[in-house]
Amino acid sequence: MAIKRVMVIGAGQMGSGIAQVCARGGYDVVLNDVKQEFAEKGLASITKNIARSVDKGKMTEEEKEGVLSRLTLSTNLEDAKNVDIVIEAAVENMTIKKDIFSKLDSIAPEHTILATNTSSLPITEIAAVTKRPEKVIGMHFMNPVPVMKLVEIIRGLATADEVYQAVEDMSKSLSKVPVEVNDFPGFVSNRVLMPMINEAIYTLYEGVASKEAIDEVMKLGMNHPMGPLTLADFIGLDTCLYIMETLHEGFGDDKYRPCPLLRKYVKAGWLGKKTGRGFYEYS
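Residues numbered from 1 in each chain as written. Predicted model: local features only at pLDDT ≥ 70, side-chain atom pairs only at ≥ 80, totals over all residues. Heavy atoms only, no water.

**Re the overall build of the protein chain**
Counting its secondary structure elements, the protein chain contains 11 helices and 8 strands. Against the compact-globule benchmark of 19 Å for 283 residues, the protein chain has a radius of gyration of 19 Å, which places it among compact chains. Counting only C-alpha atoms, the protein chain reaches 55 × 45 × 30 Å along its principal axes. Looking at the 283 residues of the protein chain, the share that counts as buried comes to 49%. Contacts in the protein chain between residues at least 24 apart in sequence constitute 68% of all its contacts with a sequence separation of at least 6. As displayed, the protein chain has an accessible area near 13700 Å², and 52% of this comes from carbon and sulfur atoms. Side-chain charges in the protein chain split into 33 positive and 38 negative, and the spacing between the mean points of these groups amounts to 3 Å. (Helix = DSSP H or I, 4+ residues; strand = E, 2+ residues; numbered from the N terminus. Rg over C-alpha atoms; globule rule 2.2 N^0.38 Å. Buried < 20%, exposed > 50% of the residue type's maximum accessible area, 1.4 Å probe, protein only. Contact = heavy atoms within 4.5 Å. Areas by Shrake-Rupley, 256 points an atom, 1.4 Å probe, with all protein chains shown as cover. Lys, Arg positive; Asp, Glu negative; His and termini not counted. Charge placed at Lys NZ, Arg CZ, Asp CG, Glu CD.)

Below, the structure written as structure tokens:
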């Protein structure tokens, strides 16, 4: 099951990062989004990132041009007709993902693997809207994609062994470290991380300590590179809330109940770094 040509759906922070590492890994990449301006913004982000790598001596100008030459922009899902794997990195919403996978199933060739970069949603449920559940798999990259080594590979109920192996081999070819995970809400990464962030928010909500103090305790006491409230701002508080709701619904356990302060901030539009304000303010 040879993978040579890749389509990435969603040209935002995650999608553009995935497209960048795939193009750098030697794959021909189609970067797709619903609007041309979104796709172009993703390409501009990739260009800026790899220009920085050239400046730091981590890549030659020739290698940079090679990466860019392997990238094509798209606004049409029909372009999935010519690819060996699709990696979906659209918004973390089950309805939207099901719609995309249903359309891809009727467009992509029979051999094409359909992967999702979801951070918490069930792979089996996404696969169920296709006629190829054995070729549907989770491929959860970490943010920022060009820097972080981990890829969680999540098998759905029907995912075939050869599909898993092809995705594992591809991940290694991108200089990533693949880890096999079964299909449970939040997988491993967010099942462990998000309740920690949620508990940090509860600690602030209950007045145990200031946001700065909570972050300092986790950085200096637990050797975390970034405090949980700062990390929540970088992830996006709306994303944190959505994942906590997915965990709460998926397990039916109140230990995953989102903190009311998190809901309040999201309703206020304080989503973190991307909106200029979350637990901290960003100029």
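**Re the packing of helix α7 (residues 189-205) against helix α8 (residues 211-222)**
Closest axis-to-axis distance for the α7/α8 pair is 9 Å, and the angle between their directions is 140 degrees. Classified by the angle their axes make, α7 and α8 are oblique. Crossing geometry of α7 relative to α8 is assigned as right-handed. For the pair formed by α7 and α8, the contact residues are Met 196, Ala 200, Thr 203 and Leu 204 on the first element and Lys 211, Ile 214 and Met 218 on the second. Of the residues contributing to the contact of α7 with α8, the split by class is 5 nonpolar, 1 polar and 1 charged. (Axes fitted to C-alpha atoms, helices over the stretch in contact; angles between N-to-C directions. Parallel < 35°, antiparallel > 145°, perpendicular 65-115°, else oblique. Left-handed = near helix turned anticlockwise from the far one by under 90°. Nonpolar A, V, L, I, M, F, W, Y, C, P; charged D, E, K, R; others polar.)

**Comments concerning the pattern of salt bridges**
Inspection of the entire model under this criterion finds 16 salt bridges. With a shortest N-O distance of 3.7 Å, Lys 97 and Glu 92 are connected by a salt bridge. Glu 92 carries the same exposure label as Lys 97, and that label is buried. Residue Arg 155 pairs with Glu 180 through a salt bridge whose shortest N-O separation is 2.7 Å. Residue Arg 155 is located in strand β7 (residues 150-155), and its partner Glu 180 is located in strand β8 (residues 177-182); the two are separated by 25 residues in the primary sequence. Among the residues examined, Glu 180 registers a relative accessible area of 43% and is labelled partly exposed. One connected set of salt bridges, linked through shared partners, spans Glu 88, Glu 92 and Lys 97. (Salt bridge = Lys/Arg side-chain N within 4 Å of Asp/Glu carboxyl O.)

**Section: the sheet that holds strand β4 (residues 85-88)**
Read across the sheet, 8 strands follow the order β3-β2-β1-β4-β5-β6-β7-β8 without closing on themselves; strand pairing throughout is mixed. The open sheet has two edge strands, β3 (71-74) and β8, and neither has a second partner. Direction aside, the axes of adjacent strands within the sheet are offset by 25 degrees on average. By the bridge criterion, 4 bridges tie strand β2 (residues 28-32) to β3 in an arrangement that is parallel. (Pairing = 2+ DSSP bridges.)

**Overview of the domain arrangement of the protein chain**
It is common to give the size of an interface as the accessible area lost on bringing the parts into contact. Assigned domains within the protein chain: domain 1 (5-182) and domain 2 (190-273). In this structure, domain 1 and domain 2 have C-alpha centres spaced 27 Å apart. Counting from both sides, the interface comprises 7 residues of domain 1 and, opposite them, 4 residues of domain 2. Buried area between domain 1 and domain 2, both sides added, is near 470 Å², and the carbon and sulfur share of it is 52%. A per-residue breakdown of the area domain 1 buries against domain 2 is headed by Glu 92, Ser 119 and Ser 120, which together make up 64% of the total. For the pair domain 1 and domain 2, the interface holds 0 salt bridges. Our count for the contact surface shared by domain 1 and domain 2 stands at 2 residue pairs in polar contact (both at pLDDT 80 or more). Looking at the side of domain 1 that touches domain 2, its residues break down into 2 nonpolar, 4 polar and 1 charged. (Domains from an automatic or database assignment. Buried area = accessible area lost by both parts, 1.4 Å probe. Polar contact = N/O pair within 3.5 Å; in protein donor to acceptor, adjacent residues only side chain to side chain.)

**Looking at helix α1 (residues 13-24)**
Taking 1.5 Å per residue as the helical rise, α1 with its 12 residues ought to reach 16 Å, and the 17 Å between its terminal C-alpha atoms agrees with that figure. The element α1 is largely enclosed, with a buried count of 10 among its 12 residues. All of the buried residues in α1 are Met 14, Gly 15, Ser 16, Gly 17, Ile 18, Ala 19, Gln 20, Val 21, Cys 22 and Ala 23. With its phi angle positive at about 100 degrees, Gly 26 sits one or two positions after the end of α1. (Expected span 1.5 Å × (residues − 1).)

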